[in-house]
Amino acid sequence: MQKGKIIFLNGVSSSGKTTLAKALQAKLEKPFYLLGNDMFCDMSPEKFWDIDWRETSYRVLTGMYHTIKTFSDIGINVIVDDVLLKEDDRLQQCAAILHDHPVLFVHVICSDLDELRRREKERGDRGIGQGESQLAELNPQDNIYDTTVDTFETSTEECAGKIIELLDCPEKFTAFKILWERFKTKN
């Protein structure tokens, strides 16, 4: 069975990942299922976040990465909406779990800070400045991505089109493989 493709969107809060993911779902000819850290975190009872948010986050997001792998293993295409920060080992964990899967690793940016703040305010469910505070903490190491899209400079439709064009070029899905090789040699 052919593995499902994985479009892994990584960017700070309010950079446009979810809007882009929904545009991709609308434009793609085959179904791609959206799996995101917010929806996985929302599955966990709130009281456990208050007790130990680091442990709860780790467990829930580990579950998400294994779910992504399982979907791909059974031929289901996936779009991932995530924020991988330097402070934790989630990028290494993702690379370990998904390095031999067809992952297109996409850096989603909003190059205008005022626009990032406006989006946060409009959403109403994020603290103003959350995205800005994550800018310096966003992984991956050495800025290794398969492609970058800017949701401020380019329309959502154009960003989606750029990603869709790359889906037919799996030989360009190299970021997770490169990251995995680097992580293996460091350990």
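Look above for the structure.
Here is a short report on the structure shown in this document. Please read all numbers here as calculations on a predicted model, not as lab measurements.

## Some points on the pattern of salt bridges
- Applying the stated criterion to the full structure yields 6 salt bridges.
- In this structure, D81 and K17 form a salt bridge, with 4.0 Å as the shortest nitrogen-oxygen distance. On the criterion of sequence distance, the pair formed by D81 in strand β3 (residues 77-82) and K17 in helix α1 (residues 17-27) is long-range, its members being 64 residues apart.
- With a relative accessible area of 9%, D81 lands in the buried category.
- Between D82 and R90 there is a salt bridge, and its shortest N-O distance comes to 2.4 Å.
- Connected via shared salt-bridge partners are E115, R118 and R119.

## With respect to the sheet that holds β3
- Strand order in the open sheet formed by 5 strands is β2-β3-β1-β4-β5, and the pairing between neighbours is parallel. The open sheet is flanked by β2 (32-36) and β5 (147-150), the only strands paired with a single partner. The sheet shows a mean angle of 25° between the axes of neighbouring strands, direction not considered.
- Here strand β1 (residues 6-10) runs beside strand β4 (residues 103-109); their pairing, made up of 5 bridges, is parallel. Within β4, the residue paired with N10 across the bridge is H107.
- Contacts from α1 reach β1, β2, β3, β4 and β5 within the one sheet, and its direction differs from that of β3 by about 165°.
- Helix α7 (residues 156-167) contacts β1, β2, β4 and β5 of the sheet and is inclined by roughly 165° relative to β5.

What counts and how
Residues numbered from 1 in each chain as written. Predicted model: local features only at pLDDT ≥ 70, side-chain atom pairs only at ≥ 80, totals over all residues. Heavy atoms only, no water. Salt bridge = Lys/Arg side-chain N within 4 Å of Asp/Glu carboxyl O. Helix = DSSP H or I, 4+ residues; strand = E, 2+ residues; numbered from the N terminus. Buried < 20%, exposed > 50% of the residue type's maximum accessible area, 1.4 Å probe, protein only. Pairing = 2+ DSSP bridges. Axes fitted to C-alpha atoms, helices over the stretch in contact; angles between N-to-C directions. Contact = heavy atoms within 4.5 Å.

Remember, this is a structural readout, not a statement about activity or role.
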